[in-house]
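Fold and contact review
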Amino acid sequence: MARPKKFTEDVKMYNITLPVKMFKRLEKISLHETKNSLEHISIADLIRSSIEIYVDTYEENENG
C-alpha cells in the first residue's frame, strides 16, 4: 500500500533511534488517536507534531 501524501512542502528524511519503551508508548498513543480519528495517526505523525510544538515554543521564548 502506498503512503498517503501528508506534506505540502519539501521534506528532508531523518532517521531516529528511540528506546523501545518510548516507541511502545508512542505506539499506544498512535493506536488510541487513530481509533478517535477519521485517519491513521502514525508514530511519525506524533513525533513531527511534538517537534513542531517544541520548536514553536522555543522560538516564541527566544523572540520575546
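Preceding this section is the structure that the text describes.
What you see is a predicted model, and the numbers here were worked out from it, not measured in a lab.

Next up on the list: a nonpolar patch on the surface. On the surface, I51, Y54, V55 and Y58 cluster together into a nonpolar patch covering about 420 Å² of accessible area. Mapped onto the fold, Y54 is located in helix α2 (residues 43–63).

Let us now look at the pattern of salt bridges. With the rule as written, the count across this model stands at 2 salt bridges. The salt bridge partner of K6 is D45, with a shortest N-O separation of 2.5 Å. On the criterion of sequence distance, the pair formed by K6 in the segment before α1 (20–35) and D45 in helix α2 is long-range, its members being 39 residues apart. Residues D45 and R48 are paired through a salt bridge, measuring 2.6 Å at the closest nitrogen-oxygen approach. Here the residue D45 and the residue R48 both occupy positions in helix α2, the gap between them amounting to 3 residues, near one helical turn. Judged by relative accessible area, which is 12%, D45 ranks as buried. It is possible to trace a salt-bridge network through shared partners that takes in K6, D45 and R48.

Rules used in this analysis
- Residues numbered from 1 in each chain as written.
- Predicted model: local features only at pLDDT ≥ 70, side-chain atom pairs only at ≥ 80, totals over all residues.
- Heavy atoms only, no water.
- Patch = residues over 30% accessible without salt bridge, like charges linked within 9 Å, V, L, I, M, F, W, Y side chains within 5 Å.
- Areas by Shrake-Rupley, 256 points an atom, 1.4 Å probe, with all protein chains shown as cover.
- Salt bridge = Lys/Arg side-chain N within 4 Å of Asp/Glu carboxyl O.
- Helix = DSSP H or I, 4+ residues; strand = E, 2+ residues; numbered from the N terminus.
- Buried < 20%, exposed > 50% of the residue type's maximum accessible area, 1.4 Å probe, protein only.

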